[in-house]
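Listed below are the residues making up each chain.
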Amino acid sequence: MTITSYPFDGQATTETDYSYLFRELQTSGVAASADANSLRVSGDSTGMNVKVMPGFAILRGHAVRSTAVETLAISAADTSARTDRVVLRLDPAANAITLAVVKGPPGGGAPALTQTDTGVYEIPLALVAVGASATTITAANVEDARPFVGTHVGTWSTSTRPASPRLGTLGFNRTTTTWEFWAGSAWVALAPTVTWSNVADKPATFPPSGHSHKWSEITNPPTSLPPAAHAHGWSEITGKPDAYPPSAHSHSWSSISGRPSSYPPESHSHSGYLEAGDTIAWANGSKQPHARAVSGSGTYYAVWVRGDGGFCRNTSSIKFKEHVRDFVMDPADVLALKPRVYDRKTQLDEDGTAQEGAKGEVGLIAEEVAVHLPWIVNYLDGEIDGLRYDLLGVALLPVVQDQEARIKALEAKLQELTE
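How each quantity is defined
- Here the residue index of a chain counts from 1 through its sequence in written order.
- Residue-level local features of this predicted model are given only where pLDDT is at least 70; pairs of side-chain atoms are given and counted only at 80 or more, and the full residue set underlies all totals for whole chains, interfaces and linings.
- Each side-chain value is derived from all of the structure's non-hydrogen atoms; neither hydrogens nor water enter the calculation.
- Note on pairing: two strands pair once DSSP finds at least 2 bridges between them.
- Numbering of helices and strands starts at the N terminus; helices are DSSP runs of H or I of at least 4 residues and strands are runs of E of at least 2.
- Angles run from 0 to 180 degrees between N-to-C directions of axes, and those axes are lines fitted to C-alpha atoms, restricted for helices to the stretch in contact.
- Here a cavity denotes grid points, spaced 1 Å and computed from the protein atoms alone, that fit a 1.4 Å probe unable to get out, and a pocket denotes an open set having protein on both sides within 12 Å along at least 5 of 7 lines; residues with an atom within 4 Å of a point are the lining.
- Grid points are joined across faces, edges and corners, and a volume is the space filled by probe spheres set on the points.
- Under the scheme applied here, ten amino acids are nonpolar (Ala, Val, Leu, Ile, Met, Phe, Trp, Tyr, Cys and Pro), four are charged (Asp, Glu, Lys and Arg), and all others, including Gly, are polar.
- Stacked, tilted and edge-to-face are the three classes assigned to paired rings of Phe, Tyr and Trp, where Trp is represented by its six-membered ring and a pair needs centres within 6.5 Å; plane angles under 30 degrees give stacked, over 60 edge-to-face, the rest tilted.
- Burial classes follow relative accessibility: with a 1.4 Å probe on protein chains only, a residue under 20% of its type's maximum area counts as buried, one over 50% as exposed, and anything between as partly exposed.
- Definition used in this section: a nonpolar core is a set of buried Ala, Val, Leu, Ile, Met, Phe, Trp, Tyr and Cys residues joined via side-chain atoms within 4.5 Å.
- Contacts are assigned to residue pairs that have any heavy atoms within 4.5 Å of one another.
- When a carboxyl oxygen of Asp or Glu is within 4 Å of a side-chain nitrogen of Lys or Arg, the pair counts as a salt bridge.

**Considerations on the sheet that holds strand β10 (residues 142-144)**
No. 1: One open sheet holds the 4 strands; their spatial order is β8-β7-β9-β10, and the pairing between them is antiparallel. Two strands in the sheet have a free side with no partner beyond their single neighbour: β8 (96-102) and β10. In this sheet, adjacent strand axes meet at a mean angle of 20° when their direction is disregarded.
No. 2: Across 7 bridges, the pairing between strand β7 (residues 82-91) and β8 is antiparallel. Looking across to β8, one finds that Val 86 is bridged to Val 101.

This is the structure:
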């Protein structure tokens, strides 16, 4: 039969069956508080031996109890240092749990535990460092390695807490409605409420008064000073503006870097920037009225301004173009555009002076145009900014061509009716 169930009245339950059951209910280990001396191993410099204190333990459903101090012999030292292991050993074949010392290999680490499913099963009590040619085991040579059985989780009120809790005992306090555990000398909330009064190392004033920090206390300091060229993600920048460009604001004169030493500033120039009265070499005379006659080889161009502020002329010759191909456009997209009349919002000049916007202007709204003709919409800093009004003529061509084709078709049909 492949299915076994137990324990029931009048039924024999084997040691193996009971062991399987108990290991699901409780871990193997010393049954005591983690700060107790139960089955603690120590060395007292009395020779090549260690002492094991009295105690109680559970190994895979089997119990062992020692009522007196036990002395265990440590094998003679080798010429190389080694680590021995003191264990509690369950041997089902011998029907016993005993104390044992497992000798480690010279020059190697601690020996492995034997933990079989139905045979010998060991739990550690201590590691013993045996020095080369040592003749005695001291307290410093012994490292505590005891595991402890799991602590039961309980529920209580403040007045009915366990009288003698083990270290780490966990429970839910109905009085305070918090989870708490025994830390050895007091009950401590598992998730305490943090308030300003119980924050450690907080500043005495807020914002903190003037102070300094040692270079060694600063996290992520630059490896060189001044720091080498580097970049910071937008999310890492503190005090950044909420909107971009930033909303109207001001800076005190003292906070401006690179300001002139006298005011107004002494005569100076800005390389690469236009100043009042300047003209561009190829557009010299651009301040002249557009009604002035053009003669000789002189040609007037519409001036374009690039997104970076540079000027250029509009060119249409095939010598400036490649990959020329037809552009198919639905005339209905042009006919869907809606002329609007609007008022300009008040804007700030570079000096911060408010300038009232123009009233009653006629034009198109770029966001509405973007729905139908996105290719004539301009973007600045990732946002819709303006329109290429010079391309509206190109957009109108399919409309005119479509209407011309319709007129010719109607004329041909009318001609057929009159004949």
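**Description of the layout of surface pockets**
No. 1: The calculated volume of the largest pocket comes to roughly 810 Å³.
No. 2: Arg 344, Glu 367, Ile 384, Asp 385 and Gly 386 are the residues nearest the centre of the largest pocket, which is lined by 19 residues in total.
No. 3: Breaking the lining of the largest pocket down by element, the ones donating at least two residues are α3 (366-372) and β22 (383-387).
No. 4: In terms of residue count, the dominant contributor to the lining of the largest pocket is β22 (5 residues).
No. 5: Here the lining of the largest pocket is composed, by residue class, of 10 nonpolar, 2 polar and 7 charged.

**Focus on the packing of aromatic side chains**
No. 1: Going through the model one piece at a time under the given rule, you end up with 4 aromatic pairs.
No. 2: Between Trp 156 and Trp 187, the ring centres sit 5.2 Å apart and the planes meet at 55°, which makes this aromatic pair tilted. With Trp 156 in strand β11 (residues 153-156) and Trp 187 in strand β14 (residues 187-189), the pair connects residues that are 31 residues apart, well separated along the chain. Exposure class is identical for Trp 156 and Trp 187. Each is buried.
No. 3: Three or more aromatic residues joined by ring pairs make a cluster, and in this case those are Trp 156, Trp 182 and Trp 187.

**Regarding the nonpolar core**
No. 1: Grouped together as the largest cluster of nonpolar side chains are 24 residues, with contacts concentrated most on Val 41, Val 50, Leu 59, Val 86, Leu 88, Leu 125 and Ile 137.
No. 2: The set of elements that each furnish at least two residues to this core consists of β3 (49-52), β4 (55-59), β7 and β9 (121-130).
No. 3: It is β9 that provides the largest number of residues to this core, a total of 6 residues.
No. 4: Beyond its immediate chain neighbours, meaning those up to four positions away, Ile 137 contacts Gly 43, Asp 44, Ser 45, Gly 47, Met 48, Asn 49, Val 50, Ile 74, Val 128, Ala 129, Val 130 and Val 142.
No. 5: One finds Val 369, Ile 376, Val 377 and Leu 391 within the second-largest nonpolar core, a separate group that totals 14 residues.

**Focus: the pairing of strand β21 (residues 377-380)**
No. 1: The pairing of β21 with β22 spans 4 bridges and is antiparallel. For Asn 378, the partnering residue across the bridge sits in β22 and is Gly 386.
No. 2: Two successive antiparallel strands, β21 and β22, enclose a turn made up of 2 residues, where Asp 381 displays a positive phi of approximately 55°.

**A closer look at the pattern of salt bridges**
Side chains that differ in charge, positive against negative, can pair when their charged atoms come close.
No. 1: As enumerated under the stated definition, the model contains 14 salt bridges in all.
No. 2: The partner of Asp 84 in a salt bridge is Arg 82, and the shortest N-O contact between them spans 2.7 Å.
No. 3: Taking the relative accessible area as the measure of exposure, Asp 84 reaches 0% and is therefore buried.
No. 4: The salt bridge partner of Arg 161 is Glu 180, with a shortest N-O separation of 2.9 Å. With Arg 161 in the loop between β11 and β12 (170-173) and Glu 180 in strand β13 (residues 178-182), this pair connects stretches of sequence that are 19 residues apart.
No. 5: Glu 180 gets classed as buried once you look at its relative accessible area, which sits at 4%.
No. 6: Salt bridges sharing partners connect three or more residues here, namely Asp 78, Arg 82, Asp 84 and Lys 103.

**Examining unusual backbone geometry**
No. 1: In this model, Asn 95 sits at a positive phi of 50°, which is unusual for a non-glycine residue.
No. 2: Here Asn 95 is to be found in the loop between β7 and β8.
No. 3: A residue is classified by how much of its surface remains accessible, and Asn 95, at 64% relative accessible area, is exposed.
No. 4: Here the phi dihedral of Ser 133 falls at roughly 60°; this positive angle occurs in a residue that is not glycine.
No. 5: By secondary structure assignment, the location of Ser 133 is in the loop between β9 and β10.

**A word on the sheet that holds strand β2 (residues 41-42)**
Two strands in a sheet stick together by hydrogen bonds in their backbones, pointing the same way (parallel) or opposite ways (antiparallel).
No. 1: Strand order in the open sheet made by the 3 strands is β2-β3-β6, with antiparallel pairing throughout. Both edges of this open sheet fall to β2 and β6 (70-73), since each of them pairs with a single strand only.
No. 2: The pairing of β2 with β3 spans 2 bridges and is classified as antiparallel. Each residue of the ladder has a partner; that of Ser 42, found in β3, is Lys 51.

**Some words on empty space enclosed by the protein**
No. 1: Throughout the structure, instances matching the rule amount to 1 cavity of 30 Å³ or more.
No. 2: Here the largest cavity is characterised by a volume of approximately 50 Å³.
No. 3: Every residue along the wall of the largest cavity is listed here: Glu 15, Thr 16, Ser 19, Arg 23, Arg 60, His 62, Leu 90, Pro 92, Asp 117 and Thr 118.
No. 4: Broken down by element, the residue count for the lining of the largest cavity peaks at 4 residues, all from helix α1 (residues 15-25).
No. 5: Residue classes in the lining of the largest cavity are distributed as 2 nonpolar, 4 polar and 4 charged.

**Let's talk about the side chain of Ser 66**
No. 1: Tracing the sequence through the fold places Ser 66 in strand β5 (residues 62-66).
No. 2: Residue Ser 66 is classed as buried on the basis of its relative accessible area of 16%.
No. 3: Apart from residues lying up to four places away in sequence, Ser 66 is in contact with Leu 39, Pro 54 and Gly 55.

**Notes on α1**
No. 1: Regarding α1, the residues found buried are Asp 17, Ser 19 and Phe 22.
No. 2: Buried residues in α1 make contact with β4.

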